[in-house]
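Spelled out, the chains give:
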Amino acid sequence: MNRSDNEVAVITGGSAGLGLALATSLIDKGWNVVTDARDADRLHAALPGSSRVTTLSGDVRDLDHQDAIAAAVARHGRLDLLVHNASELGPMLPLAEVPESLFSRVLETNLLAPLTLTQRLLPYLIASRGTLIGISSDAAVEHYPTWGTYAASKAALDHLILTLGEENGIRAYAVDPGDMRTAMHQDAFPGEDISDRPLPESVVPHLLSLLAGDEPTGRYRATDLAQLGATR
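Summary of the structure given here. Computed from a prediction, not measured in an experiment: that's the story for all the values here. (Residues numbered from 1 in each chain as written. Predicted model: local features only at pLDDT ≥ 70, side-chain atom pairs only at ≥ 80, totals over all residues. Heavy atoms only, no water.)

**Section: unusual backbone geometry**
The phi dihedral of Arg129 is positive, around 50 degrees, even though this residue is not glycine. Along the chain, the position of Arg129 falls in the loop between α4 (100-127) and β5 (131-135). With a phi close to 75 degrees, Thr146 is a non-glycine residue in the positive phi region. Classification of Thr146 as partly exposed rests on a relative accessible area of 28%. (Helix = DSSP H or I, 4+ residues; strand = E, 2+ residues; numbered from the N terminus. Buried < 20%, exposed > 50% of the residue type's maximum accessible area, 1.4 Å probe, protein only.)

**A closer look at the packing of helix α1 (residues 17-28) against helix α7 (residues 204-212)**
One way to put it is that α1 packs onto α7 with a least axis distance of 10 Å and a crossing angle of 55 degrees. Relative to α7, the element α1 is oriented oblique. Between α1 and α7 the crossing geometry is right-handed. Along the contact surface, α1 presents Leu18, Ala21, Leu22, Ser25 and Leu26, while α7 presents Val204, Leu207 and Leu208. (Axes fitted to C-alpha atoms, helices over the stretch in contact; angles between N-to-C directions. Parallel < 35°, antiparallel > 145°, perpendicular 65-115°, else oblique. Left-handed = near helix turned anticlockwise from the far one by under 90°. Contact = heavy atoms within 4.5 Å.)

**Some remarks on the pairing of strand β2 (residues 32-37)**
Successive side chains on a regular strand alternate, one facing one side of the sheet and the next facing the other. Where burial is concerned, most of β2 is hidden: six out of the six residues are buried. Side-chain alternation along β2 places Asn32, Val34 and Asp36 on one buried face and Val33, Thr35 and Ala37 on a second face that is also buried. In the sheet, strand β1 (residues 8-11) pairs with β2 via four bridges, with the strands oriented parallel. When the sheet's bridge partners are listed, Ala9 is paired in β2 with Val33. As a crossover connection, the stretch from β1 through α1 into β2 is right-handed. Here five bridges tie β2 to strand β3 (residues 53-57), and the two strands are oriented parallel to one another. Looking at β3, one finds that Ala37 is bridged to Ser57. (Pairing = 2+ DSSP bridges. Right-handed = clockwise from strand over helix to strand, strands pointing away.)

**Topic: the nonpolar core**
By size, the foremost hydrophobic cluster in this structure holds 29 residues, and its most contacted members are Leu22, Leu26, Val33, Leu81 and Ile133. Elements with a contribution of two residues or more to this core: β1, α1, β2, β4 (81-84), β5, β6 (171-176), α7 and α8 (222-231). Top element by residues in this core is α1. It accounts for six residues. The contact partners of Leu22, leaving out residues within four places of it in the chain, are Ile11, Val83, Val204, Leu207 and Leu208. One finds Leu56, Val73, Leu125 and Ile161 within the second-largest nonpolar core, a separate group that totals 24 residues. (Core = buried A, V, L, I, M, F, W, Y, C linked by side-chain atoms within 4.5 Å.)

Right, here's the structure in full:
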């Protein structure tokens, strides 16, 4: 995974959690990374100045912000990896009680934004024979009470990512990283001690192994990827 020919990655939600861990690792391995977050100060503090990183503050749902991401990719002239990591947990309520406005907001962040951003960047991804990744969740295939809003968005994202891969002849993966010690996971379990959950950094080697390998387009769990790596 050490690179020498200016590979470019776009990773949404790069100020914390798995997005930050993956961005940092790729930069260390010689990649150029374009990443974003809503909180400008937090983003710039997490990824201080480097010639290999472009940080853009903004809301991934905003089309002007997506244009800024596309412009950064155009300056590089290529795109080898697009990771849809930015996510919104939404209301932890039974589906019967979820207001339509909150359900729509989660879909806009977790599903519609990945679609429209991919549409903007797809020509670069196809030209570089790149890889498309959507960060999923076990909630996309399980049925947990009060998780329905988030789960529906992630199940739809899985389908979106894998269909884009089939339609455009690029490698595409929906990856369930498992439970991680992140702010979002803490929000889902307010007041609970989540210090037993693994850090996001523990998932990065599995994502790198997926990028370096030749696994077919599909949905993978980080635990599956760990087993695949062990057999290589």
